Amino acid sequence: QVQLVESGGGLVQAGDSLRLSCVASGGTFSWYRMGWFRQAPGKEREFVAYISWGGGTTDYADSVKGRFTISRDNAKKTVYLQMNSLKPEDTAVYYCAAAILKGGAYKYDYWGQGTQVTVSS
């Protein structure tokens, strides 16, 4: 079973940058597609970004495209989210998740506990 722990959140000013990390233990990390999600108060959890098992394929939500970059280091069992040009609307709890292909679709079966990102104006 995969266990995930996020870190790197904090309080920053609009326009600043943060780098989130998610360290995995257990399982075989390189087999998993890794994703980042976020949830703001009073809102549903939303997709932010994902990266394929080999790192060759990524995708981003339109709201963060061009500002955020996802990457992974399989040797360190770690996935990163570099967040630049942060905006107040980026304020949320950020979660990393691990997905494996099941029945033709990726399912995020493992989740971290989240790290808070707060962006002031």
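Before reading further, recall that the structure is shown in the block above.
Note that this is a predicted model, so its numbers are computed, not measured.

As for the overall build of the protein chain
- A tally of helices and strands in the protein chain yields zero helices and eleven strands.
- Going residue by residue from the N terminus, the α and β elements of the protein chain occur as β-β-β-β-β-β-β-β-β-β-β.
- Its C-alpha atoms give the protein chain a radius of gyration of 14 Å, within 12% of the compact-globule value 14 Å for 121 residues.
- In terms of its C-alpha atoms, the protein chain occupies a principal-axis envelope of roughly 40 × 25 × 25 Å.

Looking at the state of the cysteines
- Inspection of every chain in the model, using the stated rule, returns one disulfide.
- One disulfide in the model links Cys 22 with Cys 96; its S-S distance is 1.9 Å. A torsion of 45° about the S-S bond marks the disulfide between Cys 22 and Cys 96 as right-handed. With Cys 22 in strand β3 (residues 18-25) and Cys 96 in strand β9 (residues 92-102), this pair connects stretches of sequence that are 74 residues apart.
- Relative accessible area serves as the criterion here: at 0%, Cys 96 is assigned to the buried category.

Description of the environment of Gly 114
- Looking at the element boundaries, Gly 114 is found in the loop between β10 (105-111) and β11 (115-120).
- Measuring from C-alpha to C-alpha, the distance between Gly 114 and Ala 97 comes to 9.9 Å, with 17 residues separating the pair along the chain.
- Ignoring any residue separated from it by four or fewer positions in sequence, one finds Gly 114 in contact with Glu 6, Val 93, Tyr 94 and Tyr 95.

Side note on the nonpolar core
- Counting residues in each nonpolar core, the largest one holds 29 residues, and the members touching the most others are Met 34, Trp 36, Leu 81, Met 83 and Tyr 94.
- Listed by contribution, the elements that provide at least two residues to this core are β3, β4 (33-39), β5 (46-51), β7 (68-73), β8 (78-83), β9 and β11.
- Setting aside anything within four residues of it in sequence, one finds Met 83 in contact with Asp 16, Ser 17, Leu 18, Leu 20, Arg 67, Phe 68, Tyr 94 and Val 117.

Observations concerning unusual backbone geometry
- Despite not being glycine, Lys 77 has its phi angle at roughly 55°, a positive value.
- Under the relative-accessibility criterion, Lys 77 is labelled partly exposed at 33%.
- Here the phi dihedral of Ser 85 falls at roughly 50°; this positive angle occurs in a residue that is not glycine.
- Checked against the element boundaries, Ser 85 lands in the loop between β8 and β9.

Some thoughts on the sheet that holds strand β1 (residues 3-7)
- Reading across from one edge, β1-β3-β8-β7 is the order of the four strands in this open sheet, with antiparallel pairing throughout. Where the open sheet ends on each side, the last strands, each with one partner, are β1 and β7. Adjacent strand axes in the sheet meet at a mean angle of 15°, parallel and antiparallel pairs treated alike.
- Bridge count for β1 against β3 is five bridges, and the pairing is antiparallel. Residue pairing across strands places Ser 7 opposite Ser 21, the latter belonging to β3.

Analysis parameters
- Residues numbered from 1 in each chain as written.
- Predicted model: local features only at pLDDT ≥ 70, side-chain atom pairs only at ≥ 80, totals over all residues.
- Heavy atoms only, no water.
- Helix = DSSP H or I, 4+ residues; strand = E, 2+ residues; numbered from the N terminus.
- Rg over C-alpha atoms; globule rule 2.2 N^0.38 Å.
- Disulfide = S-S within 2.5 Å.
- Buried < 20%, exposed > 50% of the residue type's maximum accessible area, 1.4 Å probe, protein only.
- Contact = heavy atoms within 4.5 Å.
- Core = buried A, V, L, I, M, F, W, Y, C linked by side-chain atoms within 4.5 Å.
- Pairing = 2+ DSSP bridges.
- Axes fitted to C-alpha atoms, helices over the stretch in contact; angles between N-to-C directions.

These figures capture arrangement, not role.
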